[in-house]
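Listed here are the chains, written in short residue letters.
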Amino acid sequence: MTIPKQLKIGGILVDVKFVDDEDINKDCGEANFKTNTIKISNRLNGNNLELTLLHEMIHHIDPAMSESRVELYSRALYQALKDNNFI
Ligand SMILES: [Zn+2]
């Protein structure tokens, strides 16, 4: 899967940046709603990279959603997309 440099989420352009781990507060990705940016660790690849991108996209769709809910939805949606050959 090719990771785009920019996504449109809810009508807003969001930049996707690959950064070193020390540039992320925790985990492997970070959604910033002030700068409309998604940061992803540059050490990720394959399934972990795709799942992390989806996770951060869901944060941008609903900034108020709890971390556990975002984790649940991102994993369930990712599995459904894979199982039905969307990705
Ligand atoms: Zn998260």
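Residues numbered from 1 in each chain as written. Predicted model: local features only at pLDDT ≥ 70, side-chain atom pairs only at ≥ 80, totals over all residues.

A short note on helix α1 (residues 46-61)
Now for step 1: Over its 16 residues, α1 extends 23 Å from the first C-alpha to the last, a length consistent with the 22 Å expected when each residue adds 1.5 Å.
Now for step 2: In the core, the buried residues of α1 are packed alongside β3 (29-32), β4 (37-41) and α2 (67-83). (Helix = DSSP H or I, 4+ residues; strand = E, 2+ residues; numbered from the N terminus. Expected span 1.5 Å × (residues − 1). Contact = placed C-beta atoms within 7 Å.)

Quick notes on the pairing of strand β1 (residues 6-9)
Now for step 1: With four bridges connecting them, β1 and strand β2 (residues 12-19) associate as antiparallel partners. When the bridges of β2 are listed, Q6 appears paired with D15.
Now for step 2: Between β1 and β2, which follow one another and run antiparallel, lie two residues, and G10 among them has a positive phi close to 60°. (Pairing = 2+ DSSP bridges.)

Overview of the environment of L44
Now for step 1: As for its placement among the helices and strands, L44 is situated in the loop between β4 and α1.
Now for step 2: Put simply, L44 and H59 are 15 residues apart on the chain and 19 Å apart in space, counted from C-alpha to C-alpha.
Now for step 3: Once you skip the residues sitting within four places of it in the chain, L44 turns out to touch C28, L49 and T52.

As for the sheet that holds β1
Now for step 1: Reading across the sheet, the four strands line up as β1-β2-β4-β3 and stay open at both edges, with mixed pairing between neighbours. Taken across any chain shown, the strands that pair with only one partner, and hence form the sheet edges, are β1 and β3. Strand-to-strand twist across the sheet, computed as the mean angle between neighbouring axes with direction ignored, equals 25°.
Now for step 2: Strands in contact with α1 are β1, β2, β3 and β4; relative to β3, the strand with the most contacts, it is inclined by about 25°. (Axes fitted to C-alpha atoms, helices over the stretch in contact; angles between N-to-C directions.)

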